[in-house]
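Per-entry structural report
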Amino acid sequence: MDDSATVAVNVAQAINTAMDWRSPSDAKRTALSYLESIRNGDVRLLGSTSFVLLRKDWSAEIRLHGLKMLQHLVRVRWEELTSAERRYFANAAIELLPSISIPHEAWALKSQAAALVAEIIRREGLELWQELMPSLISLSNKGPLEAELVSMLLRWLPEDITVHYEDLEGDRRKSLLRGLSQSLSQILPLLYSLLERHFTGAFNEASKQQFDAAKQHAAAVTATLNAVNAYAEWAPVPDLANYKLIDVCGFFLSSVDFRVHACEFFKLLSQRKRPNDESVNEFDGAMMNVFRILLNASGELLSKYGSSSEQMDEGELIFSESICESMVAFGSSFMQVTIEDEGALSQYVQQMMVYFQHYKFTLHISSLNFWLVILKDISSKTKTSTQAAEKMKNKLNLIINDDICASILDVCFRRMITKVVQSGTEVMDTWELWSSELDSRVGFSQYRSRLLELVRLAALHKPVIAAAKVSQRVEMTISAYVASSAPPPLKGQSLLENMQLGLETIIGAIFEEPNWLGNPEEVKFGLKSVLEGLLRELLGLKWTEPALAEVLGRYLDAFGPYLRCFPEAVGCVIDKLFQLLNSIPLAPEDSCATIAGHARLQICTSFLRIARASEKSILPHMKGIAETMTYLQGEGLLLRGEHNMIAEAILVMASSSGIQQQQEVLAWLLEPLSNQWTDSEWQRSYLYDPNGLKMLFSKSQIMWSIYHNVTFFEKALRRGGAKKAATEVSTSQHPMCSHLPWILPPLLRLVRSIHVLWSQVGSQSLPSEIRLAMTMSPSEQTSLLGEVASKPSKSQSGRLEYPSIEMDSGSNENTIRNWLKGVRDSCYNVLGLSIMAGEGFFLCVESSAFSAAVMENIQTMEFRHIRQLIHLVLIPLVKSCPPNLWEEWLEKTLYPLFMHCQQALSYSWAGLLRESRAKVPDQFGNQPGPDLNVEVMEEKLLRDLTREITLLFSLLALPARNKGIPSLEQLASIRRADPSSLKPLSSFSSTSLTAFVLGHKALAVPALQICREAFAWTDSGSVSKVVSFCGVVILLATATDDPELKGFVARDLLYAGIQALGVESNAFVCSDLLGLCREIFVYFSDKDPAPRQVLLSLPRARLEDLSALEEAVAKTTSAKEQKQHLRNFLVLASGNNLKAIVQQKTAAAITDVSARPRATSSAAAAGADDEPIGFAAIT
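Treat the numbers as computed from the prediction; the structure is a model and nothing was measured.

Rules behind the numbers
Residues numbered from 1 in each chain as written. Predicted model: local features only at pLDDT ≥ 70, side-chain atom pairs only at ≥ 80, totals over all residues. Heavy atoms only, no water. Helix = DSSP H or I, 4+ residues; strand = E, 2+ residues; numbered from the N terminus. Buried < 20%, exposed > 50% of the residue type's maximum accessible area, 1.4 Å probe, protein only. Contact = heavy atoms within 4.5 Å. Areas by Shrake-Rupley, 256 points an atom, 1.4 Å probe, with all protein chains shown as cover. Polar contact = N/O pair within 3.5 Å; in protein donor to acceptor, adjacent residues only side chain to side chain. Expected span 1.5 Å × (residues − 1). Arc of directions from axis to C-beta. Salt bridge = Lys/Arg side-chain N within 4 Å of Asp/Glu carboxyl O. Phe/Tyr/Trp six-rings, centres within 6.5 Å; stacked < 30°, edge-to-face > 60°. Lys NZ or Arg CZ within 6 Å of the ring centre and 35° of its normal. Core = buried A, V, L, I, M, F, W, Y, C linked by side-chain atoms within 4.5 Å. Patch = residues over 30% accessible without salt bridge, like charges linked within 9 Å, V, L, I, M, F, W, Y side chains within 5 Å. Axes fitted to C-alpha atoms, helices over the stretch in contact; angles between N-to-C directions. Parallel < 35°, antiparallel > 145°, perpendicular 65-115°, else oblique. Nonpolar A, V, L, I, M, F, W, Y, C, P; charged D, E, K, R; others polar. pLDDT = per-residue confidence, 0-100. Disulfide = S-S within 2.5 Å.

Description of the overall build of the chain
Along the backbone of the chain there are 56 helices and zero strands. Here the chain holds 1179 residues, and 55% of them are scored as buried. Contacts spanning at least 24 positions in sequence make up 77% of the contacts within the chain whose residues lie at least 6 apart. Of the roughly 50,000 Å² of accessible surface on the chain, a fraction of 52% belongs to carbon and sulfur atoms.

In structure tokens, the structure reads:
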């Protein structure tokens, strides 16, 4: 005991040091290290010391820490105590309850003391719970303080039922659920009686002006409501109804102090699943009662405030939001229970419409999800699974009529702008528009995307209404903009852009898959009459200012799906686009050159979008578009990038008419490029000499010609090929295959030349502007830092699919950097797409030329470029290379990659883990920000490359690339029957890509080294990918007679897997890692002593524990149970130091039952001594 008291003093001093903001950082680290040593040290000293810290002469902070230490002992180290010690510990903890039930005791201490006892009951099981139940009931009858503490205990008790974490044993959860279920007949009446008794007591004491006593009763009510909410998540709903908890919580909705907690009860009930057994009728009856209670409470609230009143205070707003969320949850799951009460259903829909139209943004966005769910259900063309669901769908179809759909669209259109754009005729000032202050959880683009999805669903439900509404809105917006004074205000242009998104969404929804209900011809006629008028007005606009011409082009391409159904309008739209393009000068002399160029490219993009959307309707105009494009280019009125964009649109048109048409169009488009691309002069000048690119950068015309050639090759490969469904396999040859023999050789030389720039040979005597151009651009740095760069609106930034870097108006350094990035990206894409186009790639390119181009300078490449090369080129190669070419292509390509990545990643990760600084070769130029930014970017680059190389390993392990390998269970049976049946590894090399890699030592050694080391790197995303590859390695080690492979798996891989469990970030892949370790232990221990040796090398491993593990594993064939036995052994043998398991085990943190803070609820703040409470429900 003396030791415990001494240690307690030291622990208290360490706690004070750690919590004092004035403490030096070294002192804090020392204190935290000491506290951690106590938590993980002798378990009995931990327990006795913690109990000493609970004495009342310690501060509340130290006592709270003592309770947390006891909770840690019970949750993590309980099994280390003997049965007698556990019972003594339990009794000591239970004796805390009466002593802590005193006035003015801190709420946190009471809550955590109750949580401790609840955790002990969960660990000890049914016997202790049944023993304690009578004494707890008796304790709750003593007074409000004791009732509050018992309610807290009852609230924490079902924690393991409602908060799931993976490692909790199934039997334990079932036992807890069974025990609590058997006690519901005692628990639920107790909760009801506590609510009734202490609500009445609080009211009576308040009426006597005894506010301290009233607060104690109110705190008991709050704690009991929290407990009720804990049971609302899982207890049978009919039981909650039978014991009147639904009714009493409905009553509390009228109490200002408790209504938010009561509303939480209904929200939780509304998220329950409807049963499929005989109890469904009782369940539906109870949920119908819930529905009526919510409907009445919501109706009273809305009748008091409506949708536009500004008199609602913060407390009323929080309650309104909670009611709305409960209504949404109910409507998303239980609409079918209201099927027989059509009046109530209609009233419910009307109330949800009021919430959606509410001027308060929080109420509007709370109801948004309801409308998304309901409209998705009624707009679906698929048959529902039950007759009742189909009946409900039909009723909702009638209730959600034209007026409601029109109102939904009105709200969506009005709210598709931010708070920045205010006032004016289009936006009512009384509405709260989106702002980061109102909704910081998601960005505006995500919110607007949800609005547009609702617009789309409304258009599917009522297509003619949606078309008429958006047409009217667009016409009003254009009229208001035209009537506004010059220069054009930003507000009007923003409204124009947002309405274009609405128009695009509605036309896309209506015409993408026209399957109109009712009379299709009548609907089609109505749509044409409405949209034809709008299109006519758009075609008549004379907007020539670049920004406006760009917006008008986007309005026109929004009609793409419409043109598919009404092809007679295609010609007018194409003519208007060419007219807009010609209205913007190529190189204006004013300051708007960049704006004009951007607008021209956007208009060219409109050709592409219309070609994709209108499909065969545009085919009759393909020849005219091609002739106009050729004419404009010949007259010098079309830049090369613009030409490529329109040419790509022509390729899309040709793809609608079959392979032969594509081949003819490609031959016509590529013929002028072929002569230029295959010319040997430019290749000799710029690609054969290490200094060639340095000379090329001074030849702007040739430089950009190369760029446009490469980007068009990429577009042709993307757009070519036969259109097929997702389940079909195309047997026809890609139309670009015949052109690859003249495209790829120069392109490989170009890739090699770019790589050489970063090599020692290529970087010599480079001018400073080229050296700076080889560093990372500011936009790439911003992306790595996760910051949001200044950029145009979504409608602008998301439309330009192939932005021109030719128009860069900055320095020559930026021009060269952009050219290098653009050409590298397109070259990698051309290679990857060519590989996936079929075996033609492997016939027209020599493997030696390919490997030299992509791998010769791998050791001097930056991490960002290696990651890009793996992603765009090598992953397609691994996926598409035929097995008969693995030897020729993969060995010489993957060997330098694996060797370099193993060395580079080992070095960089060592720097990050030991010195907190990843050492990467990437250059950031003159970084204006702090060094911390560089460190963040370096770590991000390291993790990105690690995940990419491990993704490549996971693809090596794909089942489609590893055929003919039996499962572990089959292999175990075969091995038991005939141990000599094992095959050599080479027998799998022709059908298994993993076996091929393992069969070549030059590939296997660095690959396995990367995998082994990756388990120790703090990146769970990479570990999850490595695990899949290692799973196939284990299979092959089991199936073959390769002693080196077996030794690696039995010793090195098992050790690495256990090491990975010691990394806290691997908690998310803990189950996969345990599964890997289980496979090795189960299938290798009988033949190899290494697995036992590895397990016995753990710091607290004992031979008797290992023997018990082997015995337990041998008794079951369940992989899940075997994994659980191994997990328990590892926790014990490691001294509870496997952080991935511990982190997963403590993931279910003890928190307040409320989903979020309810600061305005006075009941929740019952501990405030200076605030009296009121009961508005009783007068």
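Quick notes on the side chain of Asn644
One can find Asn644 in helix α31 (residues 640-655). Within the structure, the side chain of Asn644 is placed 3.0 Å from the backbone oxygen of His708, a separation counted as a polar contact. The contacts of Asn644, once residues within four sequence positions are left out, are His708, Thr711, Phe712 and Lys715.

Topic: helix α54 (residues 1103-1114)
The terminal C-alpha atoms of α54 lie 16 Å apart, and with 12 residues this matches the ideal 16 Å at 1.5 Å per residue to within 8%. If you check which residues of α54 are buried, you get Asp1105, Leu1106, Leu1109, Ala1112 and Val1113. Take α54 and look down its axis: the buried residues cluster within an arc of 125°, on one side only. Buried residues in α54 make contact with α52 (1070-1084), α53 (1090-1096) and α55 (1119-1133).

Re the pattern of salt bridges
Should the charged atoms of two oppositely charged side chains come close, the side chains can pair. Here the structure, examined in full by the defined rule, presents 50 salt bridges. In this structure, Arg864 and Glu780 form a salt bridge, with 3.4 Å as the shortest nitrogen-oxygen distance. Of this pair, Arg864 sits in helix α44 (residues 863-880) while Glu780 sits in helix α39 (residues 778-785), placing them 84 residues apart in sequence. Three or more residues joined by partner-sharing salt bridges are found here, namely Glu780, Glu862, Arg864 and Asp922.

Some thoughts on the side chain of Ser826
Within the element layout of this structure, Ser826 appears in helix α41 (residues 812-836). Not counting residues within four places of it along the chain, the set of residues in contact with Ser826 comprises Val710, Thr711 and Glu714.

Some details on the packing of aromatic side chains
Applying the stated rule across the entire model yields 36 aromatic pairs. For the ring pair Phe330 and Phe334, a centre distance of 5.8 Å and an interplane angle of 50° mean the geometry is tilted. The same class applies to Phe330 and to Phe334, which are both buried. Each residue in the set Phe283, Phe291, Phe330, Phe334, Tyr348, Phe370 and Trp371 is aromatic and connected to the rest through ring pairs, giving one cluster. Across from the ring centre of Trp156, 3.9 Å away, lies the NZ or CZ of Arg155, which sits over that ring.

Points about unusual backbone geometry
Phi at His104 takes a positive value of approximately 65°, unusual for a residue other than glycine. Residue Lys244 is not a glycine yet carries a positive backbone phi of 65°. For Lys244, the location among the structural elements is in the loop between α13 (237-242) and α14 (245-252).

Topic: the nonpolar core
Core analysis: the largest hydrophobic core is formed by 384 residues, its most contacted members being Trp371, Leu750, Trp819, Leu897, Phe898 and Phe1015. With 13 residues, helix α16 (residues 280-305) is the largest single contributor of residues to this core. Setting aside residues up to four positions removed in sequence, Phe898 forms contacts with Ile949, Leu952, Phe953, Leu956, Val997, Leu1003, Pro1006, Ala1007 and Ile1010.

Points about a nonpolar patch on the surface
A cluster of nonpolar side chains, contributed by Leu586, Leu637 and Leu639, occupies part of the molecular surface with about 200 Å² of accessible area. With respect to the secondary-structure elements, Leu639 resides in the loop between α30 (622-634) and α31.

Some points on the environment of Ala206
When you line up the elements, Ala206 lands in helix α11 (residues 170-207). Sequence separation of Ala206 and His217 is 11 residues, and the distance between their C-alpha atoms is 9.9 Å.

Side note on α41
Compared with the 36 Å implied by 1.5 Å per residue over 25 residues, the 36 Å span of α41 between its first and last C-alpha is a close match. For α41, the buried fraction is high: 19 of the 25 residues fall into the buried class. Count one or two residues on from α41 and you reach Gly838, which has phi positive near 135°.

Considerations on the packing of α14 against α16
Angle between the axes and distance between the axes: these two values describe a pair of packed helices. Two elements in contact, α14 and α16, have axes whose closest approach is 11 Å; the angle formed by their N-to-C orientations is 5°. What the angle tells us is that α14 and α16 run roughly parallel. Across the interface between the two elements, Ile246, Asp247 and Gly250 of α14 pack against Ala286, Asn289, Val290 and Ile293 of α16. Residues that form the contact of α14 with α16 fall into these classes: four nonpolar, two polar and one charged.

A look at the confidence of the model for the chain
With 87% of its residues at a pLDDT of 70 or more, the chain shows a mean pLDDT of 85. With pLDDT under 50 throughout, residues 724-730 is counted as low confidence; its partners more than four residues away or in other chains account for three contacts.

Comments concerning the environment of Glu80
The residue Glu80 is located in the loop between α4 (60-76) and α5 (83-94) in this model. With relative accessibility at 25%, the residue Glu80 sits in the partly exposed group. A sequence separation of 38 residues divides Glu80 from Asp42, and the C-alpha atoms of the two residues are 9.7 Å apart. Residues contacting Glu80, with those up to four places away along its chain left out, are Val43, Arg44, Arg1100 and Leu1132. Engagement of the side chain of Glu80 in a polar contact is seen with the side chain of Arg77, the distance being 3.1 Å.

Observations concerning the environment of Ile100
Relative to the assigned elements, Ile100 resides in helix α6 (residues 96-100). On the basis of relative accessibility, which here comes to 7%, the residue Ile100 falls in the buried class. Between the C-alpha atom of Ile100 and that of Lys56, which follows or precedes it by 44 residues, the distance is 9.4 Å. Setting aside chain neighbours within four positions, we find Ile100 in contact with Arg63, Glu105, Leu109, Lys110, Ala113 and Leu149.

Quick notes on the state of the cysteines
Per the stated rule, a full pass over the model turns up zero disulfides. The closest cysteine sulfur to the non-disulfide-bonded Cys263 is located on Cys324, 9.8 Å from its own sulfur. Overall, Cys263 belongs to the buried group, its relative accessible area being 0%. Between Cys737, a free cysteine, and Cys844, which holds the nearest cysteine sulfur, the sulfur-to-sulfur gap is 7.9 Å.

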